[in-house]
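Listed below are the residues making up each chain.
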Amino acid sequence: RSVDEPSNESNVKGAKECFIEALNDNKALLRKRLKTHHLKFVQINLGSSAGTPVAVAYIDDRANSRLVSETLHRLKSANLDTVADYGELVPFLDTDIKSFFSCVGHTERPDVAASKLLEGRVVVLTEGTPFAIYIPYLFSDNFQSVDDYDNPPFYSGFIRALKYFSFLISVFLPGIYVAIGTYHQELI
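A brief look at the structure comes next. (Residues numbered from 1 in each chain as written. Predicted model: local features only at pLDDT ≥ 70, side-chain atom pairs only at ≥ 80, totals over all residues. Heavy atoms only, no water.)

## With respect to the environment of K116
Item 1. Tracing the backbone shows K116 in helix 4 (residues 110-118).
Item 2. For K116, a relative accessible area of 2% puts it in the buried group.
Item 3. Along the backbone, K116 and F100 are 16 residues apart, and their C-alpha atoms lie at a distance of 22 Å. (Helix = DSSP H or I, 4+ residues; strand = E, 2+ residues; numbered from the N terminus. Buried < 20%, exposed > 50% of the residue type's maximum accessible area, 1.4 Å probe, protein only.)

Laid out in structure tokens, this is it:
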């Protein structure tokens, strides 16, 4: 399959290319975006019966060395027979903290993966999968869209603040309505 337009993470202004199933092509897409000698790839084979190539990408002067070594340690200690998809690696890369939210994000876009690498995160590419996973995935990433990188900072910041405000309203307004309706019906 050729490098095509992303189907899940479409945007208006940005690049129109996405990862494909070939690991070397995905590494080349990242290398095309980040022309720096600080971009490093560590390729390992996972799976005891059928080794699947997995590449861990990071920028050595931005990524935390403990995060990189912990990621490699968790992947190497994963006792898997085969790796069919990137989703099989997520439980091994997720933190031990009990939370409703995962600490592992995924993207099908090389420009998003490149920006996450520039933020100091670690990206994991798997052979046969058109998605890249990155860690850590922060709660604030839920309020970020693909077009945020292509719009002026003031506009993107305003839209993101509006998203945070809408989130707070949707979380707290139903409780406030029930409290007012139950105890102070005359306020309604």
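## Concerning the pattern of salt bridges
Item 1. As enumerated under the stated definition, the model contains 7 salt bridges in all.
Item 2. For R109, the salt bridge is made with D111, and the minimal N-O distance between the two is 2.8 Å.
Item 3. Of the charged contacts in the structure, one is a salt bridge between D141 and R121, with a shortest N-O distance of 2.6 Å. In this pair, D141 sits in the loop between strand 5 (132-135) and helix 5 (153-183) while R121 sits in the loop between helix 4 and strand 4 (122-126), placing the two residues 20 residues apart along the sequence. Just as D141 is buried, R121 falls in that class too.
Item 4. Salt bridges sharing partners connect three or more residues here, namely K116, E119, R121 and D141. (Salt bridge = Lys/Arg side-chain N within 4 Å of Asp/Glu carboxyl O.)

## Side note on unusual backbone geometry
Item 1. Note that the residue after I135, namely P136, is joined by a cis bond; omega there is -10°.
Item 2. When you line up the elements, P136 lands in the loop between strand 5 and helix 5.

## Let's talk about the packing of aromatic side chains
Item 1. Here the structure, examined in full by the defined rule, presents 6 aromatic pairs.
Item 2. Pairing F139 with F143 gives two aromatic rings, centres 5.6 Å apart and planes at 80°, and the pair type is edge-to-face.
Item 3. Residue classification places F143 among the buried positions, given a relative accessible area of 9%.
Item 4. Aromatic side chains F139 and F167 sit 5.7 Å apart centroid to centroid with 65° between the ring planes, which places their arrangement in the edge-to-face category. In this pair, F139 sits in the loop between strand 5 and helix 5 while F167 sits in helix 5, placing the two residues 28 residues apart along the sequence.
Item 5. Exposure remark for F139: the relative accessible area of 37% places this residue in the partly exposed category. (Phe/Tyr/Trp six-rings, centres within 6.5 Å; stacked < 30°, edge-to-face > 60°.)

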